[in-house]
Amino acid sequence: MYELPIRLLSPSTILKRRKANSFELATLLCSYLIGNGFAACVVSGYATREIVNNDQRRVCCPYIPCQVQEGSEDEVIEPSKYQLRDPPDLRSRYLLELEEEKVAKIKEEERKREEAHLREIEDLERPTVDTKQGHRVHAWVAIIENAPWCYKPGYRETTIDPNTGERVLLPPSAFFIEPASGFRFEVDSPNYLAIESVWNQHNYYVNKQNPITDIKNMRWDFKATKNWEHFLPGEPFELRDDCVVPEDQEPLTTEEELEKEKHLDLPTSWVGPLSISMSQYEQRYPEGRKVIYFKRAIYERFAPYSNLLGLIKRLTLYETLNYENSTTRWEWYINRDDSLTMIVHDYGRKEIEEMFAKGRPDSLKALRRSSEPHRECRLTFFHQYRFDSLKELVYHPSYVQEHYDKRDDLLYYREFKNIPRDPVTMEDCKLTQITEKYHRNPEKEAVRNIATRTCYVDENRILLQFHYGEDCITASTRQFIKPPVSEMGEEVPYDSKCTSGYISNPWAPQPTHLELFLLLKEQLKAEEASTRAFFRRVVEIESLLRERKRQIDSPKLTFSLFDPLRNAEARRMRLEKYEQLRAREELIKQQQADFLAPYLVRLDESASNHGKLMAAYQDCKEDLRKFYNGLEEEMKVRLDELLSEENSLRRFLSKFQEHFADEEYDKFIMEGENIELSKNVVQMRIENLRDEYRQKAEHLEKALYEDERLGGSPLAVKIREP
């Protein structure tokens, strides 16, 4: 772009078209920044070829995630007071210095070679010379800090004037924002070459500073007319020295601004309010996708729900500038039913790592696997939400390693070694060795507190190592040779020759045969429990991996209950269902009630038709009479209770009225009035029940009279008799 555009489209039109040049983009961004309180201006000037063309193929990607492994932080390890001293160094210091000089010389040569190699690569990757350098017209946005009309907190810094002692604003400064990319640049950035003019909602300022290419040392005080020429005569009110709005004071209202002197009346803006609908905001990019080419990296962004995978970002790193031989790829996901958040592909190691958010039934946090078959698979869990406190699990066809955290039995590590399943005969895997490690239990003696248990299943041998005792430099051990399975019945046979051990404390008593027998039984039970745990774990891992494969092949997306864009259809369906239920209720209310139906169903089928109708008629009237009689009896019982209370209160007052004060006597009189009122209410309800019964009985007689099933029966004649 070598010439200024002949016209500028309005920001509202740009939002509809989703396409604009640099001047239109800068105007749109500046409008939003001014609306949020920033002192923003549109800058017209000259920029480099890469900035004008929005070419970022020589810019390092700023979105590469910084992967920090757990526990990689530098931890201060205090030296143990029991640590052995290093042996004295008897080597010649002269020879050591010669060796260090030789090593330093080699490192310096390697560093120089590396720097030369990097310079060579930079020379090869340097873009070609731009013959139009300094002639490419461009527009960007400048944020003026310490500007008088800036109302954004943190962008107005003050200082004490040494001459007057008053608090004044610091000299205005600026930084740039590129509207096409959104990156921030300082004023000394080599990407911007010269500034011709600046404008905002107040005025149009022409740069008079010489030279205009010295952006780094440019002064941004628009009040200085020797540096900036104003297109509109006069100054805006905010730039007057005697009318600077303090930072803690609200801006002037419209009426106050109209009272100030104006040199030019401008017409009202024809641009409507800049509004972005929720659907437009969610779409983010034209057609819901945007691709940015960085230096050896391709950064892709997607709108939410624009694909069935839930993918929103993807970053791929390459070895060359031509985007060949990808090395690493990151993929970010949202709204996944399986709580997947990110996938990292390491093509060098041929590894894939999946990361999940909280909320999965299996509490899976991360899954690292190899793209090659029959390789190690590492699973990390949110151990706080698992009953077994499993923190990390390493699965391989020939071994399984488990890491626990804060278990009640103090187990923190367990490893299973096995012979893998034969793919030909499909025989189950055979367990060969079990290793378990426990933390120290302070409630037990060290000689009885197991630190490591190793079960050699194929050798029928159990090896125990206990924790270190106090003032002991070695740990006690115990070994058991398990009896053959054929000799094991209900009781475990014990032979003292099948066990051996070492006690680290020579003054400690040797264990008795009974203690060794009980310890052997305990270890056999522990081995059996661990064996069952191994096979359960294998089934759990295999089912989890199968489920993950199914979730990858057929992903499902979820949406929030408060998402208006996704819940519109669900809301419509709920309203339709509600309308159907309400229409059904109205239809039921309008239909004539079938009084005889429940009575005809429960009658004896062997009876005649006339007998059925007669019995149903009598039962229907009898049930109605009993129902209202029951209600009337309840009201009469309540009436009798009130009469009894009234009589008791009268007798009590007639006998003890002289013993009460006037206030207490008034309370009893009020209570008697309440009883009288309740009695009148109950009598009124009894009369209402009788009237309601007469109306219901007449309605029932009329309904039975109009019933078609009674039209030709003798019962109908009997009913219709006057």
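Quantities reported herein were computed from a predicted structural model and do not represent experimental measurements.

**Q** Please clarify how the overall build of the protein should be interpreted in this entry.
**A** Along the protein, the regular secondary structure elements total twelve helices and 25 strands. Here the contacts in the protein between residues at least 6 apart in sequence split such that 47% fall between residues at least 24 apart. Of the roughly 49,000 Å² of accessible surface on the protein, 52% is carried by carbon and sulfur atoms.

**Q** What is the right way to read the side chain of Q209 from this model?
**A** Here Q209 shows up in the loop between strand 8 (204-207) and strand 9 (228-230). When its relative accessible area of 8% is taken as the criterion, Q209 is described as buried. Those residues in contact with Q209 that sit more than four places away from it in its chain are N217, M218, R219, N227 and W228.

**Q** Looking at this model, I keep getting lost on the packing of aromatic side chains. Mind explaining?
**A** Each aromatic ring pair is specified by the distance between its two centres and by the angle formed by the two planes. Within this structure, the stated rule accounts for 22 aromatic pairs. Between Y63 and F294, the ring centres sit 6.0 Å apart and the planes meet at 70°, which makes this aromatic pair edge-to-face. Of this pair, Y63 sits in the loop between helix 3 (49-52) and helix 4 (93-125) while F294 sits in strand 10 (residues 289-294), and the two are 231 residues apart along the sequence. Taking relative accessible area as the criterion, Y63 reaches 31% and is therefore assigned partly exposed. You can call F294 buried: its relative accessible area is 0%. Counting every residue linked through ring pairs, the aromatic cluster contains W140, F176, F185, Y192, Y205, W220, F222 and W228.

**Q** Please explain the side chain of S504 as it appears in this structure.
**A** Relative to the helices and strands, S504 is located in the loop between strand 25 (499-502) and helix 7 (513-553). The exposure class assigned to S504 is buried, which follows from its relative accessible area of 15%. In this structure, S504 is in contact with C472, T474, A475 and S476, ignoring residues within four places of it in sequence.

**Q** When you look at the nonpolar core in this model, what are you seeing that I'm missing?
**A** It is characteristic of soluble globular proteins that their nonpolar side chains tend to be buried jointly. One finds L364, L379, L393, V400, L464 and F534 to be the most contacted residues of the largest nonpolar core, which totals 38 residues. If one sorts the elements of this core by residue count, helix 7 sits on top with eight residues. Residues within four places of V400 in sequence aside, it is in contact with L393, V394, Y395, R414, E415, F416, F534, R537 and I541. Counting 36 residues, the second largest nonpolar core, distinct from the first, contains C41, V43, I195 and A297.

**Q** Please clarify how the confidence of the model for the protein should be interpreted in this entry.
**A** When pLDDT drops low, the exact placement of atoms in the prediction is not to be read closely. Summarising the model, the protein shows a mean pLDDT of 83, and 84% of its residues fall at 70 or more. In this model, residues 68-75 is a region of pLDDT below 50 whose contacts with residues beyond four sequence positions or in other chains number three contacts. Low pLDDT, under 50, characterises residues 241-247; the predicted model gives this stretch ten contacts beyond four residues in sequence or across chains.

**Q** Looking at this structure, I do not really get the pairing of strand 16 (residues 364-370). What am I missing?
**A** For a regular strand, side chains alternate in direction, first toward one face of the sheet and then toward the other. Where strand 15 (residues 351-356) and strand 16 come together, five bridges link them in antiparallel fashion. Bridging from a neighbouring strand, M355 pairs with A366 of strand 16. Of the pairings in the sheet, the one linking strand 16 to strand 17 (residues 377-381) comprises four bridges and is antiparallel in character. Considered in strand 17, the bridge of L367 is made with L379. Hairpin geometry of strand 16 and strand 17 is characterised by an intervening segment of six residues between the two adjacent antiparallel strands and by a positive phi of about 60° at H374.

Definitions and limits used
- Residues numbered from 1 in each chain as written.
- Predicted model: local features only at pLDDT ≥ 70, side-chain atom pairs only at ≥ 80, totals over all residues.
- Heavy atoms only, no water.
- Helix = DSSP H or I, 4+ residues; strand = E, 2+ residues; numbered from the N terminus.
- Contact = heavy atoms within 4.5 Å.
- Areas by Shrake-Rupley, 256 points an atom, 1.4 Å probe, with all protein chains shown as cover.
- Buried < 20%, exposed > 50% of the residue type's maximum accessible area, 1.4 Å probe, protein only.
- Phe/Tyr/Trp six-rings, centres within 6.5 Å; stacked < 30°, edge-to-face > 60°.
- Core = buried A, V, L, I, M, F, W, Y, C linked by side-chain atoms within 4.5 Å.
- pLDDT = per-residue confidence, 0-100.
- Pairing = 2+ DSSP bridges.

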